[in-house]
Amino acid sequence: MILETGAAVAAAVVLGTRLAYRSQAGRCSSTRHLLGKTVIVTGASAGIGKEAVYDLARRGARIILACRNTEKGQKVADEVMRTTRNRKMEVRQLDTSDLTSVREFAEGVLATEKSLHVLMNNAGTLGMAEKRTTADGLELTMATNYFGHFLLTNMVLGLLKASAPSRIVNVTSNQHLACKLLNPDDLNYQVRAYPGFEASYNDSKLANVLFTVELSRKLYGSGVTANSVHPGIVSTEIMHKEGGPWFLRYFAAWPIWLMGKDAKLAAETLIHLAVSEEVDGVSGKYFVDCKESKTNDLAKDSELVKKLWDVSERLVKLKPEEKHY
């Protein structure tokens, strides 16, 4: 009897938390169509990216699904085309942790596309349990979540400007609020010891916020806006990626799945920033549940923001012809 009562109370708490959290979640109310518009969504083969593709396809957009696993991405594209009757889907290979892959993808876009109206930088990974370094000498979490998107955005910036009004949506996390400092001279943890999965993830998400602030400043008056977004607490395939802490896969993922948002609801703020009339001309801001929210105070440090940009250019070896600001 006691066990049954305890189970009932636990179930009620879980259900109540789930309903409360989801009820206050933001939802995109815009009915804007995207006929004639081209959109890139990175990490489009699962989770939030996949749900964003569904919504944007229903609005008539032409969508380039930028995926590390193109076979998986094609299955999503086929499913979206079948469901929405929008056949303007194209899958292209992109691994944001690999700068060579990023350059090949961006060069392909520039060679084939006449316009680009929305760039949704969504691909990501959780922090690694142990430090892992890419072939470019970058820490894997920072490379996947930040450096790859930094390079991609810079390379297609000229096309976005030529297609203005256009928008850049950078996916971050409220975990960036936990950062007390960021050392641009040690983004790959070569001076200090690797801080672990959580801190490396937080650092990468803070970098996305700072990147957005400086990007917005550089784009002022261009007709291109850039905003960052926390999609919310959501359980997607990212929780089960190789290299992350084992206890996240077996313990944290279940409570998040039970009480957090689903991927469709989590994609709402990304979609809001991509299409909504409410944010026409709004740039350099951070959004949660379709509303502007407060960022880490480090985002107000103009010297830090600029230093991060300059160091990032050097680390990704940004070439003069890849600069469009």
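Residue numbers run consecutively from 1 along every chain, following the written order of its sequence. In keeping with the model being predicted, local features are shown solely for residues with a pLDDT of at least 70 and side-chain atom pairs are shown and tallied solely at 80 or more, while totals for entire chains, interfaces and linings include all residues. Excluding hydrogens and water, the side-chain values take into account all heavy atoms of the structure.

Undergrad: Would you mind showing me how to read the pairing of strand β6 (residues 224–230) here?
TA: Within a regular strand, the side chains alternate between the two sheet faces. Across the seven residues that make up β6, a large majority, seven, are buried. Between any two strands, pairing holds if DSSP finds at least two bridges. Secondary structure elements are taken from DSSP: a helix is a run of H or I of four residues or more, a strand is a run of E of two residues or more, and numbering for both begins at the N terminus. Pairing of strand β5 (residues 166–171) with β6 involves six bridges; the strand directions are parallel. Residue pairing in the sheet places serine 166 in a bridge with valine 224 of β6. A crossover counts as right-handed when, viewed with the strands pointing away from the observer, the path leading from the first strand over the helix to the second turns clockwise. One crossover worth recording links β5 to the parallel β6 by way of helix α6 (residues 197–218), and it is right-handed. As paired strands, β6 and strand β7 (residues 286–288) are joined by three bridges and run parallel to one another. The residue of β7 that forms the bridge with valine 229 is phenylalanine 287. When accessible area is computed with a 1.4 Å probe and restricted to protein chains, residues below 20% of their type maximum are described as buried, those above 50% as exposed, and intermediate ones as partly exposed.

Undergrad: It is not clear to me how the confidence of the model for the protein should be interpreted in this structure. Could you clarify?
TA: Reading predicted coordinates in detail is not appropriate for stretches of low pLDDT. For the protein, mean pLDDT is 90; residues scoring 70 or higher make up 85% of the total. One number per residue, pLDDT, summarises how confident the predictor is, and it ranges from 0 to 100. Here, two residues are considered to be in contact whenever any of their heavy atoms come within 4.5 Å of each other. A low-confidence stretch, residues 7–14 (pLDDT under 50), is modelled with two contacts involving residues beyond four sequence positions or located in other chains.

Undergrad: Is there a simple way to explain the side chain of serine 101 in this structure?
TA: Note on placement: serine 101 falls in helix α4 (residues 99–112). Look at serine 101 and you get buried, because its relative accessible area is 5%. Of note is the side chain of serine 101, whose polar atom sits 3.1 Å from the side chain of glutamine 93. Setting aside residues up to four positions removed in sequence, serine 101 forms contacts with Gln93, Leu94 and Asp95. Under the rule applied, a polar contact is a pair of N or O atoms within 3.5 Å (in protein, one hydrogen donor and one hydrogen acceptor; residues adjacent in sequence only if both atoms are side-chain atoms).

Undergrad: I'm lost on the packing of helix α2 (residues 47–58) against helix α3 (residues 70–84) in this one. Help?
TA: Each pair of packed helices can be described by the angle between their axes along with the distance between the axes. Only the stretch in contact is used when fitting a helix axis, every axis being a line fitted to C-alpha atoms; angles between N-to-C directions are given from 0 to 180 degrees. One can describe the packing of α2 onto α3 by two numbers: an axis separation of 10 Å at closest approach and a directional angle of 35°. In the packing of α2 onto α3, the handedness of the crossing is right-handed. In this structure, α2 uses Lys50, Val53, Tyr54, Ala57 and Arg58 to contact α3, whose residues at the interface are Val76, Glu79, Val80, Thr83 and Thr84. Here is the rule for handedness: rotate from the far helix to the near one, and if that takes an anticlockwise turn smaller than a right angle the crossing is left-handed, while a clockwise turn gives right-handed.

Undergrad: How do you make sense of unusual backbone geometry when you look at a structure like this?
TA: Working note: non-glycine residues mostly have negative phi, and peptide bonds are mostly trans. Here the bond from alanine 164 into proline 165 is cis, since omega is 5°, no more than 30 degrees from zero. On the secondary structure map, proline 165 appears in the loop between α5 (140–162) and β5. A positive phi angle, near 50°, is found at aspartate 289, a position not held by glycine. Locating aspartate 289 in the fold gives a position in the loop between β7 and β8 (291–293). The exposure class assigned to aspartate 289 is buried, which follows from its relative accessible area of 12%.

Undergrad: Even after reading the chapter, I still don't get the packing of aromatic side chains, so can you show me in this structure?
TA: Side-chain rings of Phe, Tyr and Trp (the six-membered ring for Trp) are treated as a pair once their centres are within 6.5 Å; stacked means planes under 30 degrees apart, edge-to-face means over 60, and tilted covers the remaining angles. Following the criterion strictly, the structure yields eight aromatic pairs and no others. On the numbers, 5.8 Å between centres and 45° between planes, the contact of tyrosine 146 with phenylalanine 150 is tilted. On the criterion of helical spacing, the pair formed by tyrosine 146 and phenylalanine 150 is a turn pair, its members being four residues apart in helix α5. In this structure tyrosine 146 comes out as buried when scored by relative accessible area, which is 0%. On the basis of an interplanar angle of 75° and a centroid distance of 6.0 Å, the ring pair of tyrosine 146 and phenylalanine 211 is categorised as edge-to-face. Pair noted here: tyrosine 146 is in helix α5 and phenylalanine 211 is in helix α6, with a separation of 65 residues, a long-range link. Take phenylalanine 211: its relative accessible area is 2%, and that puts it in the buried class.

Undergrad: Explanation requested: the environment of arginine 68 in the structure shown.
TA: If you trace the backbone, arginine 68 turns up in the loop between β2 (62–67) and α3. Separated by 23 residues in sequence, arginine 68 and serine 45 place their C-alpha atoms 8.5 Å apart. Apart from the residues lying within four places of it in its own chain, the contact partners of arginine 68 are Gln93, Leu94 and Asp95.

Undergrad: Could you clarify how one ought to interpret the side chain of arginine 92 in this entry?
TA: Tracing the backbone shows arginine 92 in strand β3 (residues 89–93). Judged by its relative accessible area of 14%, arginine 92 falls in the buried class. Engagement of the side chain of arginine 92 in a polar contact is seen with the side chain of glutamate 113, the distance being 2.9 Å. With near-sequence residues (within four places) excluded, arginine 92 lies in contact with Arg62, Ile64, Leu65, Ala66, Cys67, Thr70, Phe105, Gly108, Val109, Thr112 and Glu113.

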